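Commentary on secondary and tertiary structure
Residues per chain are reported as follows:
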Amino acid sequence: MATDSPADEVVRVLTRAQRHGALGVRPIAEVIEHARSFVAALPADVERVVDLGSGAGVPGLIVALDRPTVSVTLVDRRAKRTDELARAVQTLGWNPRVRVVCADTASLVDDSGWAGRFDAAVARGFGPPLDTLATAVRFVRLGGWVIVSEPPADQGTRWDHLDYSGLGVGVPERCGAVVRFHVEH
């Protein structure tokens, strides 16, 4: 009996999450394609990534799938979602490389075990843009990266109208469906 590939299992996890209302109605193939914009935006030297507000595991599970040498921490405050993610990570055999944490990011950002400990933070639907960036920066080391989902390119960028100058990041760089900020604390 053949076993399913990790990619097949991730599709199954996302499909189940969609059926339970944890993921929008976009076709799973489109969800994965969008998540791969995060993967493409990660520099090659990134070793530790935190996915803020991971929800159904997007983009964190896709980062883990496509970058098997990267350690990924999936953070969400909803126990039901993190329980599902923990089961998925166990099924995929990704422990301890992929960690699932049920916590509100506000309780983690000032903890020395979390603050500045990651090479990159990714966020797909975490919250308002400035709140997302301000939170993500606190998890990332100097010289690291924050990668945030962006509206479709034909709608322009939201960052032109927002003042992020005090957050310790460089100018936003559009990378497909995401924007990437270099952390320059």
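Located above this text is the structure these notes cover.
None of the values given here were measured: they were computed from a predicted structure.

Parameters and conventions
- Residues numbered from 1 in each chain as written.
- Predicted model: local features only at pLDDT ≥ 70, side-chain atom pairs only at ≥ 80, totals over all residues.
- Heavy atoms only, no water.
- Helix = DSSP H or I, 4+ residues; strand = E, 2+ residues; numbered from the N terminus.
- Rg over C-alpha atoms; globule rule 2.2 N^0.38 Å.
- Buried < 20%, exposed > 50% of the residue type's maximum accessible area, 1.4 Å probe, protein only.
- Contact = heavy atoms within 4.5 Å.
- Areas by Shrake-Rupley, 256 points an atom, 1.4 Å probe, with all protein chains shown as cover.
- Lys, Arg positive; Asp, Glu negative; His and termini not counted.
- Charge placed at Lys NZ, Arg CZ, Asp CG, Glu CD.
- Right-handed = clockwise from strand over helix to strand, strands pointing away.
- 1 Å grid on protein atoms, 1.4 Å probe; cavity = no way out; pocket = protein on both sides within 12 Å on 5 of 7 lines; lining within 4 Å.
- Points joined across faces, edges and corners; volume = space filled by probe spheres on them.
- Nonpolar A, V, L, I, M, F, W, Y, C, P; charged D, E, K, R; others polar.

Attention now moves to the overall build of the protein. In terms of regular secondary structure, the protein is built from 5 helices and 7 strands. Here the C-alpha atoms of the protein give a radius of gyration of 16 Å, agreeing with the 16 Å that 2.2 N^0.38 yields for 185 residues. Taken along its principal axes, the extent of the C-alpha atoms in the protein is 55 × 40 × 30 Å. Across the 185 residues in the protein, those meeting the buried criterion constitute 47%. The long-range share in the protein, meaning contacts at least 24 apart out of those at least 6 apart in sequence, stands at 62%. Here the protein displays about 9100 Å² of accessible surface, and carbon together with sulfur accounts for 52% of that area. In the protein, the 21 positive side-chain charges and the 23 negative ones have mean positions that sit 5 Å from each other.

On to the environment of Glu173, then. One can find Glu173 in strand E6 (residues 173-175). C-alpha separation for the pair Glu173 and Ile147, spaced 26 residues apart in sequence, amounts to 9.4 Å. When sequence neighbours within four positions are dropped, the list of residues in contact with Glu173 reads Val178, Val179 and Arg180.

It is worth spelling out the pairing of strand E4 (residues 118-123) at this point. Burial runs high along E4: 6 of the 6 residues are buried. Since E4 and strand E5 (residues 140-149) lie parallel, the crossover through helix H5 (residues 129-139) that links them has a hand, and here it is right-handed.

Turning next to the layout of surface pockets. Looking at the largest pocket, its volume works out to about 310 Å³. If you trace the largest pocket, you find 18 residues lining it, with Gly53, Asp76, Arg78, Gly125 and Phe126 closest to the centre. Its residues placed into classes, the lining of the largest pocket shows 7 nonpolar, 5 polar and 6 charged. The calculated volume of the second largest pocket comes to roughly 210 Å³. Taken together, 13 residues line the second largest pocket, and the ones lying closest to its centre are His20, Ala22, Lys80, Arg81 and Glu84. Within the residue set of the lining of the second largest pocket, elements represented by two or more residues are helix H1 (6-19) and helix H4 (79-92). No other element matches the 4 residues that H4 contributes to the lining of the second largest pocket. Across the lining of the second largest pocket, the residue classes tally to 5 nonpolar, 3 polar and 5 charged.

Bringing the side chain of Thr135 into the picture now. For Thr135, the position within the fold is in helix H5. By relative accessible area, Thr135 is classed as buried at 18%. Ignoring sequence-local partners within four residues, the contact set of Thr135 consists of Leu52, Thr105, Val109 and Phe126.

Note that all results are geometric; they support no functional claim without further evidence.
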